[in-house]
Amino acid sequence: MGLHAYLMLAAVLFVIGFFGVVTRRNTVGILLGIELMLNAVNINLVAFARFNADIVGMIFTSFTIPITVAEVALGLAIVILIFRMKRTVIADHLDILKG
Amino acid sequence: MTDPARLALLALLLPASSFIILAVVTPLRRHGRAAAGLSVLFAAGSLVAAIGALRLSTDGGFTEWLWAWIPAEAGPLVTIGVLADGDSALMLVLVALVSFLVQVYSLGYLSDETGPSLGRYYTYQSLFAFSMMGLVLAPNFAQLFICWELVGLCSYLLIGYWYTRPEAARAAVKAFWITKAADVGLLIGIVLLWRQTGTFDFLDLLQMADTGVIPLAGLGVITFCIYLGASGKSAQFPFHVWLPDAMEGPTPVSALIHAATMVTAGVYLLTRTVWLFRLTPDVMQIIAWNGAFTALLAAVLACVQTDIKRVLAYSTVSQLGYMMAAIGAGFASAGFLHLLTHGIFKALLFLGAGAVIHAVGTNDIFQMGGLARRMPQTAIVFIVGTLSLAGVPLFAGFFSKEEILGAVLAGGFPGPFGMLLFGAFLTAFYMFRVVFITFFGTPAAAHHAHDHHVHDASPFMAAPLWILALLSVGIGTLFAFWHPRAEFEELGWLTPTAVVVALAGIAFAYLVYQRRAISADTLAAVFGPIRAAALRRFWIDDIFAFIYRGLMLQLARLVGWVDRYLVDGILNLLSAWTLMAGDRLRRMQSGRGQDYVYGIALGVLLLLVWIRWPR
Amino acid sequence: MSGGLAQIHPLSIITWSPFVGAVLIMFLARHRPLLVRVLALITTAIPLVLSIAIYVGYEREAAGFQFYEELSLVPPLGINYQLGVDGMSLLMVLLTSIIIFSGVFASWTVKERSQEFYALLLLLVTGVYGVFVSLDLFVLFLFYEIAVLPMYLLIGIWGSSGDVRPQGIFAWAFRRTGVGTKEYAAMKLTLYLLFGSAFILVGILALYVASGSTSFSFLEMENLQFDPALQSWVFLAFYVGFGILAGIWPLHTWSPDGHASAPTAVSMLHAGVLMKLGAYGVVRLGLGLLPEGTTQWVWLVGAIACVNIVYGALSAMAQTDLKYVIAYSSVSHMGVVMLGMATLTESGLNGSVFQMFAHGIMTGLFFALVGLVYEKAHSRAIFSMGGFGQMMPGIATAFTIAGLSSLGLPATAGFVAEFLTVLGAWQSPFSWWLFPGVIGAFLTSVYVLRVAKQIFWGPKSADPHFQHLLDAQGPEWAALIILVFTLVLFGVAPGIALGPVDTATVPLLLRLGVLQ
């Protein structure tokens, strides 16, 4: 399998994630979508590293995975805090930044 | 000390230091009496110095001291100093003398004032003496203008001395505005003249005029502008309206500023610079005609006044018209001579009137009557002043007025001569109208009640009156035996004519107001329309009021509206539009995260398209 | 140059002393109002003493920029901390010192947050000094911004709101922007001045680039000949940019609202000194660096100045709020300043600089007095007051003196300025400028004396609120006496100011090629 297959996989994953981010009404769902998008990027990085024989991509990915974990933890914590305050996690109801 | 300028400078600096001391040392000023003492003392010193300067100033010669005032690259632009010559020394003595006498007189006249108030009065008096002497001794137009404005300021301050009275506050402002409006002309004239000749200095200008190097083109405009300033200060038509109102000030102030000295500044200025005006005969014509017209107009107005001070005020306007007419006819010395004698006897008349007002407590002549018996001294000096003003021989005004009549005729102005001659008749008439009603008529009921108040003035007030009365008679007698040679051919018939006219006026007044052979009511009926118009002051005051209220304030209101609602309105319109646009744009911020993600995605897409667009 | 004085870097001390004062006040004087005032007084007295010292120490024969200091800031861009004063900036520094010193006295009674008030005031003054002494255009611009920005807070927090009725065809716009409130005034003033400073920055950068991007130094640019086309538009940029601050018509409307809403010391400083900053900027950068641009545009400068004089005076006459009268009189008098410089004659330019000084002092005095009257009578409505002269003779006298100076009465500084300006106007190619100049003085006499008569010298008002009013007290006297004394001193002996000023203006005019 060539590089293209990986890139296609990553692109599909990214689009699925993006679709989730923009369509899900539940904030947790949006977070999941973000995760998918991040992992699509990770796949890209690993694939390029593999096919270009460049270790940097691998190293970079090994940084992003823990950071993604931290980000999910933080994101979920924020969602829980928002739920405590607002009693909802529906994104459409969270519009206090409205101008 | 052989230098008149040195003494003149001393005379100038004494009141200046008195003013500075009184202005700065507050306790002294607020004490009142002490302030008055200091001011009078300095005024006396100033008088002595002025007389010394006069004695030292030789005929035709002059001494000048100058200091740089405004520096410039090529030597000082403006200098200040003193220029002492025969004319200025004479005028200096007049100013110092009347100023001193008035200050003494005020000690009695204003004895009821509180300390701070009296201190304020003497502070202003000192400032006035200084400014007026500075004007008299001015070596150039710049200093003249400076002092010109300062005496205007003193006039404003002293007219408004009793500032809690609305009339006084209003009259002060009116006087300032009208003279200031005329001073716009003077300032323009001075600036234009400076541009034309490159100097403010009288002596330089005189030399240029003598050698004929002053460019004549446009000189008429310049001299006319200067004349405008002079006519404002010297209350010539149509600027005369401020002077009668200025009578709201204390009477000694009227005597000093609004009769003897400040109002004559315009005449003095023209006398000083007559060589300049001679270059522009057209302007001289205007001066002569307007002077004669003013003299007649004011004389008519004086005939219908019932306020003793207003009669005197209009007579001052009228006499200033005489002086101006003489200058316009080309014989400045005649005008200047009348200025000096008028200064003496008009101050006497005002101070006499002040003594009467002080005693009776009213200005209305019909509230007085029969005062000759109760205050004989005052009556005598007042009559001396009246005879002088009417131009009766052996009194101060006779010779100088006749001189003016001769000058105007010799200058080739038969029209103004006629007006002035008729004015002389009216002068005698209205002055003796006052004398007969005030001093000889039956006592009015009003002052019967508080009869005991009415008595001759205190020594402080009486002494200046007698000094001035003696001077009036003395000068008149002196002129009767020895008088300066006129610059023009004297006409033999003029003297008898003038005397007859004056006596006719007196006789007429006697018939109407003393013998009542002619009823005053009949007289009023005969001159009905003129009398009615004169009572409305020929609507000249109304015209000024209209210019102020109807034109200036309305224009200001319009401009104020334009500024607030158009100029600023456009600005507010712009900012309101900005705010509205912001309101619209704000709606784009939904606050929902997913909308922003759409936005970002769209942006990325557009960027990609833009980058990839085939070019 | 007088050695001893120059060794201590007087200009730096003058400039930074108020800044140090502001810092000290913020950190040391929390909740100690008296200490705040004492610190403010000390840190403004030091510049006052020093500015008098450098005024005396300035060598007139040598002329040029003296007390020079230099410190390299950003060498790659050619930005240097360069200070120096010539005869003109010398006078402006003196003016600033006098105004702020008496301003500290005049705002002695500020109660609310006096610590922050004084700190901001002093910060602002540092900016003003900085503009007057800077010879590096970049640093000058920096100081200029420092001088403009604290104004927003000073007016927005400590200001007072006026009463403007929305009417006319733009009434809805007035309601929308909230005309009359202090927030509106603060915002309008700040936005307007920042709008102007954008023009200034563009102009400075254009000159920087045109001079080869090596130096922002005024002294170096002075020796360059810029391209006439560049000069033309850069002059306009400077004229509009600085002119907004100098109140040129029709960009003046920030001034009445701003000055009327500002607290006393801020009005004093703003009308007294900051407006001069604008005029100074036009002379220093416009006339100083762009001779050809100047000669090309003076007709516009002078014509607008004439509009300013007459229009400002008439607008002042129409006002019923005392502070607005004074504010509009500033618009009118700044017209005299701009007219004087537009004449491009020695007497005109001298008159212009002298008027900057004279107007600074007289308007400072005016605003101090209006502040006092407001504090005691709690009113600014002219026609409701009356007869205050009986109760507050000191204030009444000082107001009359300020008024007389503003109408150009001799023996006050106002006369010399007016006189020189009209002399210059008639010498200039546009001699008709003389007439607005003299008519302006007459109109001033009308509105000033009308107001003085109504409030102070007329009969007493029947309003029960106005029956027992006090005259000026303690520190307030100090402010009045300093300002009145200065006004009269410079009116009686104008040579004190004009000597140094002449040494600065004549070389300027020689460079412009209009003086033979």
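Note that this is a predicted model, so its numbers are computed, not measured. (Residues numbered from 1 in each chain as written. Chains lettered and ligands numbered in written order. Predicted model: local features only at pLDDT ≥ 70, side-chain atom pairs only at ≥ 80, totals over all residues.)

Some remarks on the overall build of chain B
A count of helices and strands for chain B gives 27 helices and two strands. Principal-axis analysis of the C-alpha atoms places the extent of chain B at approximately 120 × 65 × 55 Å. Counted over contacts in chain B with a minimum sequence separation of 6, partners at least 24 positions apart contribute 81%. (Helix = DSSP H or I, 4+ residues; strand = E, 2+ residues; numbered from the N terminus. Contact = placed C-beta atoms within 7 Å.)

Concerning the overall build of chain A
When helices and strands are counted, chain A shows three helices and zero strands. Listed N to C, the secondary structure of chain A is α-α-α in terms of helices and strands. In terms of its C-alpha atoms, chain A occupies a principal-axis envelope of roughly 50 × 25 × 25 Å. Summarising the internal contacts of chain A: among those between residues at least 6 apart in sequence, 45% fall at separations of at least 24.

Looking at the interface of chain C and chain B
Interface size is commonly expressed as the accessible surface area that is lost when the partners come together. Taken together, the contact between chain C and chain B spans 49 residues of the former and 46 residues of the latter. Within the residue set of the side of chain C that touches chain B, elements represented by two or more residues are α8 (171-177), α14 (291-318), α16 (346-377), α18 (413-427), α19 (434-457) and α21 (495-512) of chain C. If one sorts the elements of the side of chain C that touches chain B by residue count, α19 of chain C sits on top with ten residues. Its residues placed into classes, the side of chain C that touches chain B shows 28 nonpolar, 15 polar and six charged. (Nonpolar A, V, L, I, M, F, W, Y, C, P; charged D, E, K, R; others polar.)

Observations concerning unusual backbone geometry
Each neighbour pair has its own omega, and for F237 of chain B with P238 of chain B the value is 0°, a cis peptide bond. You can see P238 of chain B is positioned in the loop between α9 (219-233) and α10 (242-245). Cis geometry marks the peptide bond from W249 of chain C to P250 of chain C, where omega comes out at -5°. Mapping P250 of chain C onto the fold places it in the loop between α11 (228-246) and α12 (254-261). With a phi close to 55°, H9 of chain C is a non-glycine residue in the positive phi region. Classification of H9 of chain C by C-beta neighbours within 10 Å gives partly exposed; the count is 16. With phi around 55°, H378 of chain C is a residue other than glycine that occupies positive phi space. With 10 C-beta atoms packed within 10 Å, H378 of chain C lands in the exposed category. (Buried ≥ 20, exposed ≤ 12 C-beta atoms within 10 Å, placed from the backbone.)

Regarding the confidence of the model for chain B
Averaged over chain B, the pLDDT score is 87; the fraction of residues at 70 or greater is 97%. Here the predicted complex carries an ipTM of 0.91, next to a pTM of 0.89. (pLDDT = per-residue confidence, 0-100.)

Comments concerning the nonpolar core
Counting 436 residues, the largest nonpolar core has L92 and V408 of chain B as the members making the most contacts within it. Among the elements that make up this core, the one with the highest residue count is helix α7 (residues 166-197) of chain B (20 residues). When neighbours within four sequence positions are excluded, L92 of chain B is seen to be in contact with A8, A11, A50, A53, M133, V136 and L137 of chain B. Core analysis: the next-biggest nonpolar cluster, separate from the first, contains six residues, A10, V21, I30 and L31 of chain A among them. (Core = buried A, V, L, I, M, F, W, Y, C linked by C-beta atoms within 7 Å.)

Details of the interface of chain A and chain B
With nine residues of chain A in contact, the opposing surface of chain B contributes nine residues. Class assignment of the residues belonging to the side of chain A that touches chain B gives a composition of five nonpolar, one polar and three charged.

Topic: the pairing of strand β2 (residues 78-85) of chain B
Residue and element names in this part refer to chain B. Burial of β2 is extensive: seven of the eight residues sit out of reach of the surface. The pairing of strand β1 (residues 62-70) with β2 spans eight bridges and is antiparallel. Bridge assignment links T63 to a residue of β2, and that residue is A84. (Pairing = 2+ DSSP bridges.)

Digging into the packing of helix α15 (residues 322-342) of chain C against α16 of chain C
Residues and elements named next belong to chain C. Close contact between α15 and α16 brings their axes to 8 Å; oriented N to C, the two are set at 175°. Taken together, the axes of α15 and α16 are roughly antiparallel relative to one another. For the pair α15 and α16, the contacting residues are L322, K323, I326, S330, H333, V336, V337, G340 and M341 in the first and G348, L349, G351, S352, Q355, M356, H359, T363, F366, F367, V370 and V373 in the second. (Axes fitted to C-alpha atoms, helices over the stretch in contact; angles between N-to-C directions. Parallel < 35°, antiparallel > 145°, perpendicular 65-115°, else oblique.)

Topic: the arrangement of the chains
Pairwise contact counts over the two pairs of chains in contact peak for chains B and C. Across the gap from chain A to chain C, with no contact made, the nearest C-alpha atoms are 19 Å apart.

Topic: the environment of V213 of chain B
Among the structural elements, V213 of chain B can be located in the loop between α8 (202-211) and α9. Measuring from C-alpha to C-alpha, the distance between V213 of chain B and T197 of chain B comes to 8.7 Å, with 16 residues separating the pair along the chain.

What to know about the environment of R32 of chain C
All names here are of chain C. By the element assignment, R32 lies in the loop between α2 (10-28) and α3 (33-57). Residue classification places R32 among the partly exposed residues on the basis of 14 C-beta atoms within 10 Å. Considering only alpha carbons, one finds R32 and H252, 220 residues apart in sequence, at a separation of 39 Å.

Observations concerning the packing of helix α7 (residues 150-158) of chain C against helix α9 (residues 182-210) of chain C
Residues and elements named next belong to chain C. Direction vectors running N to C along α7 and α9 enclose 170°, while the axes themselves pass 8 Å from each other. Relative to α9, the element α7 lies roughly antiparallel. Remark: the crossing between α7 and α9 carries right-handed chirality. Of the residues in α9, those touching α7 at M151, Y152, I155 and G156 are K182, E183, A185, A186, L189 and T190. Taken together, the residues of the contact of α7 with α9 break down into six nonpolar, two polar and two charged. (Left-handed = near helix turned anticlockwise from the far one by under 90°.)

Some thoughts on the pairing of strand β1 (residues 66-74) of chain C
Examined bridge by bridge, β1 of chain C and strand β2 (residues 79-85) of chain C share six bridges and lie antiparallel to one another. Along β2 of chain C, the bridge assignment pairs Q66 of chain C with V85 of chain C.

Re the environment of T320 of chain C
Residues and elements named next belong to chain C. Secondary-structure assignment places T320 in the loop between α14 and α15. C-beta crowding within 10 Å serves as the criterion here: with 14 such atoms nearby, T320 is assigned to the partly exposed category. Remark: the alpha-carbon pair of T320 and I382, spanning 62 residues in sequence, is separated by 5.6 Å. Contact partners of T320, with chain neighbours within four places excluded, come to A381, I382 and F383.

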